[in-house]
Amino acid sequence: MVACEQGYLCDVCGQDVEAITDSDLYLRYIMGEVSPLVLPTLRERHIRCNSSLAQYIVDAAFPSMSCDGFFAKNTLDPAFVAAEESRVTRGWRRLQELPTLGIPIIEYPLPEFRQQLSEHADGAS
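So, about the overall build of the protein. For the protein, the count of helices and strands is 4 helices and 0 strands. Taken from N to C terminus, the helices and strands of the protein fall in the order α-α-α-α. The buried share of the protein, taken over its 125 residues, is 33%. Partitioning the contacts of the protein with sequence separation of at least 6, the portion at a separation of at least 24 is 52%. Approximately 7700 Å² of the protein is accessible, and the part contributed by carbon and sulfur atoms is 55%.

The structure is reproduced here in structure tokens:
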């Protein structure tokens, strides 16, 4: 089967990432961690398959996760953890809204990151 007919397979578990709302790649794009220029070239994974990021989602609609080892949030600075929980949860909530918004991909990121993309585009011309 041609790769494009398989959908987007998770780089960790090998299963299909069926919905954008489960996409670690698009969550990172929304949070400004992935450029729209490289988005199509990166490997996909489920949010739950990236526990080092998923542990920061604090929402009743997302089962809490933990991460073992060096990146476990219980071993990190509480102020950093609070900031990451706020940022990643905001990004995750935005990701959950996307299927109903009917907006172009360039408008997916959180407002502060859309502004950064706009400023970068203006500086590149």
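Further remarks concern the nonpolar core. Considering soluble globular proteins, one finds that nonpolar side chains tend to be buried as a cluster. Within the largest apolar cluster, 22 residues are counted, with the highest numbers of intra-cluster contacts made by Leu-27, Ile-47, Ile-57, Phe-62 and Val-88. At the level of elements, α1 (24-30), α2 (51-54) and α3 (78-101) are the ones that each hand at least two residues to this core. The leading source of residues in this core is α3, at 5 residues. Setting aside anything within four residues of it in sequence, one finds Ile-47 in contact with Thr-21, Asp-22, Ser-23, Asp-24, Leu-27, Ala-54, Ile-57, Phe-62, Trp-92 and Leu-95.

What follows covers the packing of aromatic side chains. Inspection of every chain in the model, using the stated rule, returns 5 aromatic pairs. Consider the rings of Tyr-26 and Tyr-108, whose centres lie 6.3 Å apart with planes at 55°: the pair is tilted. Remark: Tyr-108 occurs in the loop between α3 and α4 (111-124) and Tyr-26 occurs in helix α1; sequence separation between them is 82 residues. Relative to Phe-71, the ring of Phe-70 has its centre 5.2 Å away and its plane inclined at 85°; by these criteria the two rings are edge-to-face. The burial state of Phe-70 is the same as that of Phe-71; both residues are exposed.

Right, let's get into the pattern of salt bridges. Taken as a whole and judged by the stated rule, the model has 7 salt bridges. Across the pair Asp-59 and Arg-93 runs a salt bridge whose closest N-O atoms are separated by 2.6 Å. Of this pair, Asp-59 sits in the loop between α2 and α3 while Arg-93 sits in helix α3, and the two are 34 residues apart along the sequence. The salt bridge involving Arg-90 is made with Glu-112; its shortest N-O contact spans 2.9 Å. Remark: Glu-112 occurs in helix α4 and Arg-90 occurs in helix α3; sequence separation between them is 22 residues.

Analysis parameters
- Every chain's residues receive numbers from 1 upward, in the order its sequence appears when written.
- Local features are withheld for residues below a pLDDT of 70 in this predicted model, meaning they are given only at 70 or higher, and side-chain atom pairs are given and counted only at 80 or more; totals for whole chains, interfaces and linings count all residues.
- For side-chain calculations, the full set of non-hydrogen atoms in the structure is used, while hydrogens and water are omitted.
- Numbering of helices and strands starts at the N terminus; helices are DSSP runs of H or I of at least 4 residues and strands are runs of E of at least 2.
- Per-residue accessibility, obtained with a 1.4 Å probe over protein chains only, is compared with the maximum for each type, and a residue is labelled buried under 20%, exposed over 50%, and partly exposed between these values.
- Whether two residues are in contact is decided by their heavy atoms: any pair within 4.5 Å suffices.
- Surface exposure here means Shrake-Rupley accessible area, sampled with a 1.4 Å probe, where a residue is shielded only by the protein chains that are shown.
- Among buried residues, the Ala, Val, Leu, Ile, Met, Phe, Trp, Tyr and Cys ones that are joined through side-chain atoms within 4.5 Å form a nonpolar core.
- Planes of paired rings set the category: under 30 degrees apart is stacked, over 60 is edge-to-face and the rest tilted, where pairs are Phe, Tyr or Trp rings (Trp by its six-membered ring) whose centres lie within 6.5 Å.
- In the sections that follow, a salt bridge refers to a side-chain nitrogen of Lys or Arg positioned within 4 Å of a carboxyl oxygen of Asp or Glu.

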